[in-house]
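Structural description and commentary
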Amino acid sequence: HVLPKDAEIVFAPYNYVLDPGIREALGIELGNAVVILDEAHNVESTLREAGSGKFGEFELCELIVMLSENAITEKSTSNMMEVGGEAGLLSSESETLHLCDVAHALLMFLEKVVNKLRTARTCFQNNPGAKGAAKA
């Protein structure tokens, strides 16, 4: 787990190099480095896994509770966040919002997702089709 700063060659699983979270956690810096990947045909799936996740209803509900708690935190200038801008997720212009407002917006979105999943599950259970809900 300790990568010597003066090593000329370091062997490591390629997700240590490709996943920014792992790189940051392990203090791996790639400046002026030559990276050689063995089994490079697996890179696409590794990157896809690093950038995605599976969340069940329970995990989403836990996240809703956490966001609810954050949504009631005190509004102060230290709890500000810039949203939008270059990423263009919300708009082409950036704006500064209180973290609790961002948490509230995420909470409302997650509640809609959970409700949609519950409705879809109930619909499937009530109308299972030819295979049946228990077999799917």
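See above for the structure.
Here's a quick rundown of the structure. (Residues numbered from 1 in each chain as written. Predicted model: local features only at pLDDT ≥ 70, side-chain atom pairs only at ≥ 80, totals over all residues. Heavy atoms only, no water.)

1. What about the side chain of Asp19?
Summarising the element assignment, Asp19 is placed in the loop between helix H1 (14-18) and helix H2 (20-26). We note that Asp19 is buried and unpaired, the nearest opposite charge coming from Arg23 at a distance of 7.0 Å. (Helix = DSSP H or I, 4+ residues; strand = E, 2+ residues; numbered from the N terminus. Buried < 20%, exposed > 50% of the residue type's maximum accessible area, 1.4 Å probe, protein only. Lys, Arg positive; Asp, Glu negative; His and termini not counted. Salt bridge = Lys/Arg side-chain N within 4 Å of Asp/Glu carboxyl O.)

2. Focus on the nonpolar core
By size, the foremost hydrophobic cluster in this structure holds seven residues: Leu60, Ile64, Leu67, Ala103, Leu107, Leu110 and Val114. Secondary-structure elements contributing two or more residues to this core are helix H4 (57-71) and helix H5 (99-126). Per element, the largest residue contribution to this core is four residues, and it comes from H5. Those residues in contact with Leu110, other than ones at most four positions away along the chain, are Leu60, Leu63, Ile64 and Leu67. (Core = buried A, V, L, I, M, F, W, Y, C linked by side-chain atoms within 4.5 Å. Contact = heavy atoms within 4.5 Å.)

3. Some thoughts on unusual backbone geometry
Of note in this structure, Asn32 is not a glycine but carries a positive phi near 60 degrees. Secondary-structure assignment places Asn32 in the loop between H2 and helix H3 (43-50). Asn32 sits in the exposed class, given a relative accessible area of 89%. Backbone geometry at Glu39 places phi at a positive 60 degrees, although glycine is not the residue there.

4. Describing the pattern of salt bridges
According to the stated counting rule, one finds one salt bridge in the structure shown. Here Glu44 and Arg48 are joined by a salt bridge, their closest N and O atoms 2.9 Å apart. Here Glu44 pairs with Arg48, and both are found in helix H3, just four residues apart, close to one helical turn. For Arg48, a relative accessible area of 49% translates into the label partly exposed.

5. Focus: the environment of Glu59
Tracing the backbone through its elements, the reader meets Glu59 in helix H4. Within polar-contact distance, the side chain of Glu59 engages the backbone nitrogen of Gly56 at 2.8 Å. (Polar contact = N/O pair within 3.5 Å; in protein donor to acceptor, adjacent residues only side chain to side chain.)

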